[in-house]
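Observations on the model geometry
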Amino acid sequence: MPILSLALKSLLNRRFTVGLMLISIALSVALLLGVERLRTESRSSFANTISGTDLVVGARSGAINLLLYSVFRIGDATNNISWKSYQAFAAHRLVEWTIPISLGDSHRGYRVMGTSGDYFRHYRYAGTRPLAFRQGQAFEQVYEAVLGAEVADKLGYRLGQEIVVAHGAGKTSFNRHDDKPFTVSGILKPTGTPVDRTVHIPLAGIEAIHVDWVQGRQVPGVRIDAEAALEKDLTPKAITAFLVGLKSKIATFRVQREINDYRREPLQAILPGVALQQLWDLMSVAENALLIISGLVVAVGLAGMLTVMLAGLNERRREMAILRSVGARPLHILTLITGESLALSLLGSGLGLFLLYATLLLVRPVIEARFGLHLSIDLPSLREYIMLGLVNASGVLIGLIPGYRAYRYSLADGMNIRI
Amino acid sequence: MPIPPIPIQGIALTIAALAMLQTTGNLAAAEQEHEQYAAHMHGEAHLLVALEGDLLEIELDSPAMNIVGFEHNPRDPGQEKIIQQAAAQLRQPDRLFTLPASAGCVVEVVELHFPQSETPAAGDAGEDPPDEAHQDIEAHYRYRCATAAQLKQITLNLFNLFPATEAVEAQVISPGGQRQLELTKQRNTLEL
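Predicted model, so just to flag it, every value in this text is computed and none were measured.

Observations regarding the overall build of chain A
- What chain A contains, in helices and strands, is 13 helices and 17 strands.
- In summary, chain A has a C-alpha radius of gyration of 31 Å against a globular reference of 22 Å for 419 residues, an excess of more than 25%.
- The principal-axis extent of the C-alpha atoms belonging to chain A is close to 105 × 45 × 35 Å.
- Looking at chain A residue by residue over its 419 residues, the buried ones come to 51%.
- Considering only residue pairs separated by 6 or more positions, chain A has 77% of its internal contacts joining residues 24 or more positions apart.
- As displayed, chain A has an accessible area near 20000 Å², and 60% of this comes from carbon and sulfur atoms.
- Taking the 44 positively charged and 33 negatively charged side chains of chain A as two groups, their mean positions are separated by 11 Å.

Okay, here's the thing in structure tokens:
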């Protein structure tokens with residue numbers, strides 16, 4: 001025990017260099033765990049966004065592309081698909097439900113999605129959770145809108161309020177459908193998915209605001225007001241994509257093939273789970289690069305510790321000599337130095353964890369607002385414990401180097417050192 | 001957070017989309033019949049596995065090249081024999097797949113679409129595809145399993161039976177969700 005208190009006092013005596021060492025280890029550990037956290041959290045956030053949907057159907061492009069624009073509202077559709085094709089597959093004998101999706105308009109930076117009431121009945125996220133209303137209900141009239149939780153919170157909207165949809169997806173648009181405002185009929189509970197950042201309106205509503213528009217522009221002189229638009233046929237001619245739920249999952253591949261082989265229109269049906277995996281495969285290169293870099297940062301941190309310890313060794317030869325004189329064996333010296341490095345890496349890891357959680361708490365609202373990524377603050381995962389274990393094991397291994405040198409010194413120097 | 005997923009593809013698609021807009025317009029593209037061709041890569045086969053309740057469906061889709069080593073119709077008795085043997089092997093799912101015995105799976109349906117073995121005997125040349133055409137073999141198997149919960153993995157013996165098969169891209173739908181994975185000679189077990 002006395003050797004422990006001596007070691008502690010020795011560390012305290014060198015508190016400035018030791019402090020710097022701790023900070024560099026803590027920072028590198030926090031970075032390593034932070035990268036790992038971000039990776040797993042973004043994966044689970046993506047994976048939680050869509051569940052229970054067997055197929056996603058859109059215009060032919062890439063599976064990842066289709067998944068990103070239809071479900072995650074990232075990027076844009078390459079093409080639309082015709083309402084007739086949608087009708088054909090919605091009535092398919094193996095199909096239980098479909099959710100049509102029509103994108104392209106926005107409201108103050110939030111995407112506006114045209115859909116049907118089936119969206120609120122059949123859409124599932126995070127396992128089997130259905131969409132729930134915080135206030136109000138699904139839209140029933142053409143000019144009604146259901147807001148995602150974040151849209152309502154950020155813009156301070158309440159039930160019954162009127163909102164104007166803008167043409168295109170920009171944050172500021174000059175083309176506003178201000179002649180046909182929508183009334184907020186419902187606000188959804190937060191889901192932690194892109195649903196929170198979406199304004200939902202009926203497909204007929206999308207049609208209605210575009211009745212007097214031709215080729216993306218309002219026809220001059222032709223104004224059809226909100227009431228008159230209702231008289232028109234508001235069946236859409238095209239939608240962006242649709243989600244499919246099947247009666248039996250066994251039929252998934254068969255229906256997928258039927259859709260992909262559809263001769264009347266080039267359609268593409270994808271399995272969302274498979275497309276998500278393809279996305280991970282694509283991202284894993286970047287993820288691994290990030291992980292390797294943060295691993296290297298940890299290595300640099302530990303190398304810094306090694307340098308400081310080796311440099312400090314010369315100054316501590318007298319200390320070692322005194323320890324020897326009061327009865328410490330050379331092996332004690334080795335244990336002391338190696339133990340010091342283990343203690344430092346343990347403390348550094350602990351400090352790093354603290355730093356990680358502090359940062360998570362701080363940046364969580366920002367990341368959630370800016371990127372829609374919900375970071376949950378959980379205890380470290382098994383993988384993270386393994387990482388921490390590796391860091392500390394390397395700390396001990398590295399400590400053996402100055403430890404061995406001190407051991408050799410203490411054998412050779414005895415009490416007489418000539419510095 | 002606009003992430004351009006795959007730049008090259010994105011550009012190609014944009015060009016394709018623009019071309020489409022200019023010539024026919026979005027909707028005119030629909031309602032016209034069009035020809036389409038599936039991707040075809042020698043050495044690589046596709047496997048679709050779906051498990052729900054007590055039903056297990058497996059579909060194997062492979063270029064004929066992997067199975068018999070040529071994609072034209074048989075030209076001599078030797079090739080004829082190779083094809084007959086391959087067809088016979090493909091009709092025996094028990095040899096193609098190894099399922100855990102405890103699952104108690106029984107083969108219910110075997111369907112084989114093997115264009116080369118189905119071509120009528122000499123004299124009817126009308127069905128003979130041009131030599132450069134690709135040929136695909138499709139096999140469909142359905143099992144009914146007494147205790148499907150025991151069905152944890154499937155081992156694929158395709159790589160031993162038909163060594164020209166290098167990789168199998170498998171898509172799996174199981175109670176655990178949808179997944180995709182690549183099987184090779186070394187990694188030939190599919191976890192469900």
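With respect to the sheet that holds strand E1 (residues 44-52) of chain B
Residue and element names in this part refer to chain B.
- What the six strands build is an open sheet, ordered E4-E5-E2-E1-E7-E8; its pairing is mixed. Strands with a single pairing partner mark the edges of an open sheet, and in this sheet they are strand E4 (105-113) and strand E8 (177-184). Each strand axis lies, on average, 15° off the axis of its neighbour in the sheet, ignoring direction.
- Of the strand pairs in this sheet, E1 and strand E2 (residues 55-63) are connected by seven bridges, and their pairing is antiparallel. Across the sheet, Val49 pairs through a bridge with Ile58, a residue of E2.

Details of the environment of Arg124(A)
Residues and elements named next belong to chain A.
- Within the fold, Arg124 resides in strand E5 (residues 124-125).
- C-alpha separation for the pair Arg124 and Asn48, spaced 76 residues apart in sequence, amounts to 9.0 Å.
- Looking at Arg124, its side chain comes within polar contact range of the main-chain oxygen of Arg121, at 3.1 Å.

Remarks on the packing of helix H2 (residues 15-49) of chain A against helix H10 (residues 272-315) of chain A
Residues and elements named next belong to chain A.
- As a packed pair, H2 and H10 sit with axes 9 Å apart at the nearest point and diverge in direction by 170°. In this view, H2 runs roughly antiparallel relative to H10, as classed from their interaxial angle.
- A per-class count over the contact of H2 with H10 returns 18 nonpolar, eight polar and four charged.

Comments concerning empty space enclosed by the protein
Residue and element names in this part refer to chain A.
- If you walk through the whole model with that rule in mind, you get two cavities of 30 Å³ or more.
- Volume-wise, the second largest cavity comes out at about 40 Å³.
- Taken together, Ser70, Val71, Arg73, Ile101, Met113, Tyr119, Tyr123, Val195 and Leu243 make up the full set of residues lining the second largest cavity.
- When its residues are assigned to classes, the lining of the second largest cavity shows seven nonpolar, one polar and one charged.

Considerations on the environment of Glu227(A)
- One can find Glu227(A) in helix H8 (residues 226-231).
- Expressed as a C-alpha distance, the spacing of Glu227(A) and Gly75(A), which sit 152 residues apart in the sequence, is 33 Å.

Considering the confidence of the model for chain B
All names here are of chain B.
- In this model, chain B carries a mean pLDDT of 78, and residues with pLDDT of at least 70 account for 74%.
- No element of chain B has a lower mean pLDDT than helix H1 (residues 7-23), at 42, and none a higher one than strand E3 (residues 97-98), at 93.
- Predicted confidence for residues 1-30 stays below pLDDT 50, and this span has 29 contacts to residues more than four positions away or in other chains.
- The low-confidence segment residues 121-127, where pLDDT is below 50, has one contact with residues more than four positions distant or belonging to other chains.

Things to note about the layout of surface pockets
- Volume-wise, the second largest pocket comes out at about 1600 Å³.
- Together, 40 residues line the second largest pocket, and Asn260(A), Ala38(B), Ala39(B), His46(B) and Asp61(B) are the ones closest to its centre.
- Mapped onto the lining of the second largest pocket, the elements with two or more residues apiece are helix H9 (252-260), strand E17 (267-270) and H10 of chain A together with E1, E2, strand E5 (136-145) and strand E7 (167-174) of chain B.
- With five residues, the single largest contributor to the lining of the second largest pocket is E2(B).
- Across the lining of the second largest pocket, the residue classes break down as 16 nonpolar, 14 polar and ten charged.

With respect to the pattern of salt bridges
All names here are of chain A.
- Scanning all chains against the criterion turns up 18 salt bridges over all chains.
- Residue Glu36 pairs with Arg39 through a salt bridge whose shortest N-O separation is 3.4 Å. Of this pair, Glu36 and Arg39 both sit in helix H2, three residues apart, which is roughly one turn of the helix.
- Assessed through its relative accessible area of 1%, Glu36 is described here as buried.
- The class for Arg39 is buried, based on a relative accessible area of 17%.

Some details on the packing of aromatic side chains
Residues and elements named next belong to chain A.
- Applying the stated criterion to the full structure yields twelve aromatic pairs over all chains.
- Ring centres of Phe120 and Phe133 lie 5.4 Å apart, and the angle between their planes is 45°; this geometry places the pair in the tilted category. A residue pair is termed long-range when its members are at least 10 positions apart, and Phe120 in helix H5 (residues 118-122) and Phe133 in strand E7 (residues 133-136) qualify at 13 residues.
- The class for Phe120 is buried, based on a relative accessible area of 9%.
- For Phe133, a relative accessible area of 24% puts it in the partly exposed group.
- An aromatic cluster is present here, built from Tyr119, Phe120, Tyr123, Phe133 and Phe139 joined pairwise through their rings.

Calculation rules
- Residues numbered from 1 in each chain as written.
- Chains lettered and ligands numbered in written order.
- Predicted model: local features only at pLDDT ≥ 70, side-chain atom pairs only at ≥ 80, totals over all residues.
- Heavy atoms only, no water.
- Helix = DSSP H or I, 4+ residues; strand = E, 2+ residues; numbered from the N terminus.
- Rg over C-alpha atoms; globule rule 2.2 N^0.38 Å.
- Buried < 20%, exposed > 50% of the residue type's maximum accessible area, 1.4 Å probe, protein only.
- Contact = heavy atoms within 4.5 Å.
- Areas by Shrake-Rupley, 256 points an atom, 1.4 Å probe, with all protein chains shown as cover.
- Lys, Arg positive; Asp, Glu negative; His and termini not counted.
- Charge placed at Lys NZ, Arg CZ, Asp CG, Glu CD.
- Pairing = 2+ DSSP bridges.
- Axes fitted to C-alpha atoms, helices over the stretch in contact; angles between N-to-C directions.
- Polar contact = N/O pair within 3.5 Å; in protein donor to acceptor, adjacent residues only side chain to side chain.
- Parallel < 35°, antiparallel > 145°, perpendicular 65-115°, else oblique.
- Nonpolar A, V, L, I, M, F, W, Y, C, P; charged D, E, K, R; others polar.
- 1 Å grid on protein atoms, 1.4 Å probe; cavity = no way out; pocket = protein on both sides within 12 Å on 5 of 7 lines; lining within 4 Å.
- Points joined across faces, edges and corners; volume = space filled by probe spheres on them.
- pLDDT = per-residue confidence, 0-100.
- Salt bridge = Lys/Arg side-chain N within 4 Å of Asp/Glu carboxyl O.
- Phe/Tyr/Trp six-rings, centres within 6.5 Å; stacked < 30°, edge-to-face > 60°.

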